[in-house]
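# Breakdown of the fold
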Amino acid sequence: MAGGPDHERGVSPKRVVIVLEYTGSVKDYIAASQDHGSVFSVPEQCPHPDCRAAGCLIRWGTYTRTAITGEADYRLPIQRVRCKACGRTHSLLPD
Ligand SMILES: [Zn+2]
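Because the structure is a prediction, the values reported are computed rather than measured.

Analysis parameters
- Residues numbered from 1 in each chain as written.
- Predicted model: local features only at pLDDT ≥ 70, side-chain atom pairs only at ≥ 80, totals over all residues.
- Helix = DSSP H or I, 4+ residues; strand = E, 2+ residues; numbered from the N terminus.
- Buried ≥ 20, exposed ≤ 12 C-beta atoms within 10 Å, placed from the backbone.
- Contact = placed C-beta atoms within 7 Å.
- Pairing = 2+ DSSP bridges.

## What about the overall build of the chain?
The helix and strand tally for the chain stands at 1 helix and 4 strands. In the chain, the order of α-helices and β-strands from amino to carboxyl end is β-α-β-β-β. The buried share of the chain, taken over its 95 residues, is 11%. Considering only intrachain contacts with a sequence separation of at least 6, the fraction spanning at least 24 residues in the chain is 53%.

Take a look at the structure:
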């Protein structure tokens with residue numbers, strides 16, 4: 001979970017993944033998800049370079065992603081958001 005793609009470039013027009021900075025560990029992320037339902041708030045602006053609509057993102061369910069850290073596998077709940085302006089869905093991934 002280090003590095004992360006440059007999401008500003010938007011290489012894939014169909015599936016934009018938003019990588020947000022998260023300073024905690026995988027365990028912290030899971031604990032925070034369970035405490036608050038979602039670690040990250042919905043972004044202000046659509047991340048798609050052709051859209052960039054503000055205030056159009058709504059929560060669009062979650063899915064589970066497996067992270068392998070070396071010592072164990074973790075199931076990470078990933079928040080998805082949908083843009084009402086362009087209809088695309090985006091995933092909010094921890095970095
Ligand atoms: Zn959009």
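## Concerning the pairing of strand β3 (residues 73-83)
Pairing geometry for strand β2 (residues 57-68) and β3, over 10 bridges, is antiparallel. Counted as the bridge partner of A67 is Y74 from β3. Here β2 folds back onto β3 in antiparallel fashion, the turn holding 4 residues, of which G70 has a positive phi close to 110 degrees.

## Observations regarding the environment of A31
Relative to the helices and strands, A31 resides in helix α1 (residues 26-36). By the C-beta count within 10 Å, which is 13 here, A31 ends up partly exposed. Considered as a pair, A31 and L76 are 45 residues apart in the sequence and their alpha carbons are 10.0 Å apart.

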